[in-house]
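This is what each chain is made of:
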Amino acid sequence: MKCNAFSKDSLNFPDNFIWGTSTAGHQVEGGNEFSDWWAWEHEGLIEDGTVSGRAMDYWNRHEEDHALMAKLAYKGFRLGIEWARVEPQKDRFDCDVVEHYRRILQSLRKHGFKICLTLHHWVLPRWVAEQGDWLNPDTVDHFMRYAKFVINELGTFPDYWVTMNEPMVPAIMGNLLGKFPPQRRSIRAYRAVSRAYLRAHARTYHLIHKMHPLAPDGNPSRVGVAMAYPWIEPWNSPGPAGWYERFTASIARRVAFEGWDHTISTGKPHWIHGGPAIADIKNSYDYCGINYYTRVSLKYDQRRREQYWIDDTKAAPGIDVTQMGWQIYPEGLYRTIRSVWKLFGKPILITENGIADDTDRQRPRYIVEHLAQVHRAIREGIPILGYFHWSFIDNFEWREGFAKRFGLIAVQHDDPDLTRAPRRSAYLYSDIAQKNAVTRETVETYAPEAVATVFGD
Ligand code: IFM
């Protein structure tokens, strides 16, 4: 990789750096009616009262979306395959669905995008959920059958594979905190589900290499996980509360990512998940996928029993927060990249980074300041292959519904035409992708308030 230089007026990125955007099937396709999330949404559990429904109708409008991405000169696209669509009932694999996905992938290829394909992004077929989801000892085998089918049918397309998106998020939110389906609050369930994810990942990793040893460019296939890396810190209150915060932060890091990373990097199960050794898990990454959004400061709060007496929503005075209430902390991306690189020594792909901001007032600054941190890591010699902004388009943000808007492209979910309206940030990102650089001129135009932080003036 040629690492281009830093000049006073331009952060130049390496040749072939992938400027992509990211999505997930359930959040944009629409009509994922045989899934556990669909059923859960219809119980009225989504905060803004919406359901995923037709979402952004990407299923039918993908060609229009791809043309828009091409017009904006984006170079890569991350999308997901929905298991609930491919196998809506046990043992019934839907060939029409696979053909439809094939057309989507062919269209991406036609436009020349690098394709990053996710096999599992939280959502299960309802029949799997009804059989006890990942707690059922057969689910990993069922997942492998689905994965084998998809790899066999569509395996020639991906430049990058993501076996799982942020596996620890549903393990925590769905099994420890009871906030996602299946709404368990059980340490035991968290551990068992985490082990199942680890087994499924390791087996999928090797299956892809066996069935498709080469990527479309003739190099060995590149398989990884898009791992959520919040930057977790204790609030540091005085006295015993501070001790509890530090203790909780160290456990929270293990629960959220260190346990998983330890198991992959050493091949030995981390105590946080327990269980027997997992065959061939060691080093089952060809690259490390980083999803980074925010810093989380853990503050003791005796009223928050359901959260193990911790409030994770507070930001210190002067720290900007997003529409989600998440702290904006660009340096956390650099620090995460460094620690992931130190642990794994593998090339890095930023598989997600972005901000919920319906007004698009914060997003330009967010983008350039985070890219400055990516560039900082590249200057230090860390091989970073690309950056996929979350998200290409507004979408269904899980528990928060459609109210939280992460898209470079705005869409009102209740607009009958679902009109695609590029935000200013879409053009900013286009400018960066075309120049393969973040230039002073670009920052002055789109985010003048960030010139000093980006260029270190
Ligand atoms: O929308 C999600 C995505 O599905 C996984 N990563 C974080 C995003 C923003 O919350």
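Our subject is the structure that appears above.
In this report, the structure presented in the accompanying data block is examined.

The rules we used
Residues numbered from 1 in each chain as written. Predicted model: local features only at pLDDT ≥ 70, side-chain atom pairs only at ≥ 80, totals over all residues. Heavy atoms only, no water. Helix = DSSP H or I, 4+ residues; strand = E, 2+ residues; numbered from the N terminus. Rg over C-alpha atoms; globule rule 2.2 N^0.38 Å. Buried < 20%, exposed > 50% of the residue type's maximum accessible area, 1.4 Å probe, protein only. Contact = heavy atoms within 4.5 Å. Areas by Shrake-Rupley, 256 points an atom, 1.4 Å probe, with all protein chains shown as cover. Lys, Arg positive; Asp, Glu negative; His and termini not counted. Charge placed at Lys NZ, Arg CZ, Asp CG, Glu CD. Pairing = 2+ DSSP bridges. Axes fitted to C-alpha atoms, helices over the stretch in contact; angles between N-to-C directions. Near = heavy atom within 4 Å. Polar contact = N/O pair within 3.5 Å; in protein donor to acceptor, adjacent residues only side chain to side chain. Salt bridge = Lys/Arg side-chain N within 4 Å of Asp/Glu carboxyl O.

When its secondary structure is counted, the protein shows 15 helices and 16 strands. A globule of 457 residues ought to have a C-alpha radius of gyration of about 23 Å, and the protein, at 21 Å, matches this closely. Projected onto its principal axes, the C-alpha positions of the protein cover 60 × 55 × 45 Å. Within the protein, the fraction of its 457 residues that count as buried is 61%. Across the protein, every contact between residues at least 6 apart in sequence was considered, and the portion connecting residues at least 24 apart equals 73%. Total accessible area on the protein stands at roughly 17800 Å², and carbon and sulfur atoms take up 51% of it. Taken together, the 56 basic and 56 acidic charged side chains of the protein have centroids lying 6 Å from each other.

Pairing is parallel in the closed barrel, where 8 strands are placed in the order β3-β4-β5-β6-β7-β9-β12-β13. Averaged over all adjacent pairs, the angle separating strand axes in this sheet is 25 degrees, with direction ignored. Looking at chain direction, strand β3 (residues 18–22) and strand β4 (residues 76–80) are connected through 3 bridges and run parallel. Bridge pairing in β4 links S22 to R78.

Moving on, we come to the sheet that holds strand β8 (residues 231–234). Strands sit in the order β8-β10-β11 across an open sheet of 3 strands; the sheet is mixed. One side of each edge strand has no neighbouring strand; the edge strands of this open sheet are β8 and β11 (310–311). Taken together, the 4 bridges between β8 and strand β10 (residues 295–300) define a ladder with parallel strand orientation. Bridging across to β10, E233 finds its partner in S297. In the packing of helix α10 (residues 239–266) onto the sheet, contacts are made with β8, β10 and β11, and the angle to β8 comes to roughly 160 degrees.

It is worth spelling out the site of the ligand at this point. Residues in contact with the ligand, as listed here, are Q27, H121, W122, N165, E166, Y293, W326, E352, W390, E397, W398 and F406. In this structure, an oxygen atom belonging to the ligand sits 2.7 Å away from a side-chain N or O atom of Q27. Here a nitrogen atom of the ligand sits 2.5 Å away from a polar atom, N or O, in the side chain of E352. Calculation on the ligand without its partners gives an accessible area of 280 Å², and the protein chains cover 96% of this total.

The next thing to look at is the side chain of D261. Within the fold, D261 resides in helix α10. Although D261 lies buried, it forms no salt bridge, and the closest oppositely charged side chain, R253, sits 11 Å away as judged by the N-O distance. The contact partners of D261, leaving out residues within four places of it in the chain, are M227, Y229, Y285, L343 and F344.

As a further point, take the environment of G267. Within the secondary structure layout, G267 lies in the loop between α10 and β9 (288–291). The sequence separation of G267 and E444 amounts to 177 residues, and the corresponding C-alpha distance is 47 Å.

Let us now look at the pairing of strand β6 (residues 160–165). Counting buried positions along β6 gives 6 out of 6 residues, so the element sits mostly inside the fold. Note that strand β5 (residues 114–118) and β6 share 3 bridges and pair parallel. By the bridge assignment, T118 is partnered in β6 with V162.

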